[in-house]
Amino acid sequence: MPKNLERTLNTILILAGSSILAISYNLFLLPNRIASGGLSGFATIVYEMTGIEPAITLWSLNIPVFIAGILLLGGWKYGGKTLAGTLFVPLVIYLTRNIESAVTDPLLASLFGGIGVGIGLGLVFRAYASTGGTDLIAQIIHKYTGVSLGACVFIMDGLIVLTSAFVFSLEYALYALIALFVTGKTIDIVQTGVGYAKVALIITRQEKDVQNAILHQVDRGVTRLSGEGGYTQDPRPVLMCVVQQNEVTKLKQLVQTTDEEAFVIVTNATEVLGKGFKM
């Protein structure tokens, strides 16, 4: 893909994702007092306690954090794409601040808000950008303390949700956790899609027959891995095959017909890139 076209598509993804995130925040999370982690969750708590507009809180925190990221993490590493997300999300939140809440039930708000925020963040991530905030803070903490990125994000989100339990109630903290969970799952779907492929690991003494059956009757490639019996220490070749969900039953029946004593392990493959799947 030409670089100019790729740059344009990434910009569209960032702006669209940031807009979806911001509108979902104003439609569902803010009016229902759901502080589901991140600086937006912190802005919800600040708005409840002081009345300061969330957009103002986000701008006042995101810009210094972005500058700190440049200074402490090795130069202009994040580029204009991250800066665009950092500035554009609060802008859309401010422009849509008077929009009416879509639902009044906190549980529904946490579900819909989590989905909307997850879609928005997923689109931004697909453009190899971020909306700044706790992502950059986590990387700064990771660099200077050695604590893993996942742990840093978990601690910060946990502190925000815990604070919401005191500011709002335990019930609303639970809604925040639900929204946080739904957001994470939605990001995964946007990033990798909803179609789960399956990986089959086949241990058989009739590897040639099984391999040929898969190649010609299932029309899928097979990779031969070298294995060894843990007890006997005899060579045990392992055949690995990736298939679509609707091909699993056919594959299992085929293996069983070819070798009744074959040992088959079938597990999920979240994303498969390559010929016959997603390019």
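Residues numbered from 1 in each chain as written. Predicted model: local features only at pLDDT ≥ 70, side-chain atom pairs only at ≥ 80, totals over all residues. Heavy atoms only, no water.

If you check an unreviewed UniProt entry, the protein chain appears there as YitT family protein from Salibacterium salarium. One UniProt comment on the protein chain, placed under Subcellular location (unreviewed entry), says "Cell membrane". (UniProt positions renumbered as here; feature names shortened; annotations may be inferred.)

### A short note on the packing of helix H9 (residues 207–218) against helix H10 (residues 248–258)
Two elements in contact, H9 and H10, have axes separated by 10 Å at closest approach and are oriented at 145 degrees. The handedness of the crossing between H9 and H10 is right-handed. The residues of H10 that touch H9, namely those facing Asp209, Val210, Ala213, Ile214, Gln217 and Val218, are Lys250, Leu251, Leu254, Val255 and Thr258. Its residues placed into classes, the contact of H9 with H10 shows 7 nonpolar, 2 polar and 2 charged. (Axes fitted to C-alpha atoms, helices over the stretch in contact; angles between N-to-C directions. Helix = DSSP H or I, 4+ residues; strand = E, 2+ residues; numbered from the N terminus. Left-handed = near helix turned anticlockwise from the far one by under 90°. Contact = heavy atoms within 4.5 Å. Nonpolar A, V, L, I, M, F, W, Y, C, P; charged D, E, K, R; others polar.)

### Re the domain arrangement of the protein chain
According to the domain assignment, the protein chain consists of domain 1 (3–192) and domain 2 (197–268). For domain 1 versus domain 2, the separation of C-alpha centres amounts to 44 Å. (Domains from an automatic or database assignment.)

### Quick word on the packing of aromatic side chains
For the structure on display, the rule yields 4 aromatic pairs. Feature note: the residues Phe168, Tyr172 and Tyr175 constitute an aromatic cluster, connected by ring pairs. Just above the ring of Tyr172 sits the side chain of Arg33; from NZ or CZ to the centre is 4.9 Å. Above the plane of the ring of Tyr94 lies Arg97, whose end atom (NZ or CZ) is 3.9 Å from the centre. (Phe/Tyr/Trp six-rings, centres within 6.5 Å; stacked < 30°, edge-to-face > 60°. Lys NZ or Arg CZ within 6 Å of the ring centre and 35° of its normal.)

### Side note on the nonpolar core
Most often, soluble globular proteins keep nonpolar side chains buried together rather than apart. Of all hydrophobic cores here, the largest spans 31 residues; its most connected members are Tyr25, Leu29, Ile34 and Ile93. When contributions to this core are tallied by element, the ones reaching two or more residues are helix H1 (3–29), helix H2 (38–50), helix H3 (54–72), helix H4 (79–95), helix H5 (106–126), helix H7 (149–167) and helix H8 (170–192). Apart from the residues within four sequence positions on either side, Ile93 is in contact with Ala22, Tyr25, Asn26, Pro54, Ala55 and Leu58. Membership of the second largest hydrophobic core comes to 14 residues, among which are Ala213, Val218, Val248 and Val255. (Core = buried A, V, L, I, M, F, W, Y, C linked by side-chain atoms within 4.5 Å. Buried < 20%, exposed > 50% of the residue type's maximum accessible area, 1.4 Å probe, protein only.)

### Some words on the sheet that holds strand E2 (residues 223–225)
Read from one edge to the other, the open sheet built from 4 strands follows the order E2-E3-E1-E4, with strand pairing classed as antiparallel. Whereas interior strands pair on both sides, the edge strands pair on one side only; in this sheet they are E2 and strand E4 (263–269). Averaged over all neighbouring strand pairs, the angle between strand axes comes to 25 degrees, with direction disregarded. Bridge analysis of strand E1 (residues 197–203) against E4 gives 7 bridges, and the strand direction is antiparallel. Bridge pairing in E4 places Ala200 opposite Val266. Across the face of the sheet, H9 comes into contact with E1, E2 and strand E3 (238–243) while running at roughly 15 degrees to E3. (Pairing = 2+ DSSP bridges.)

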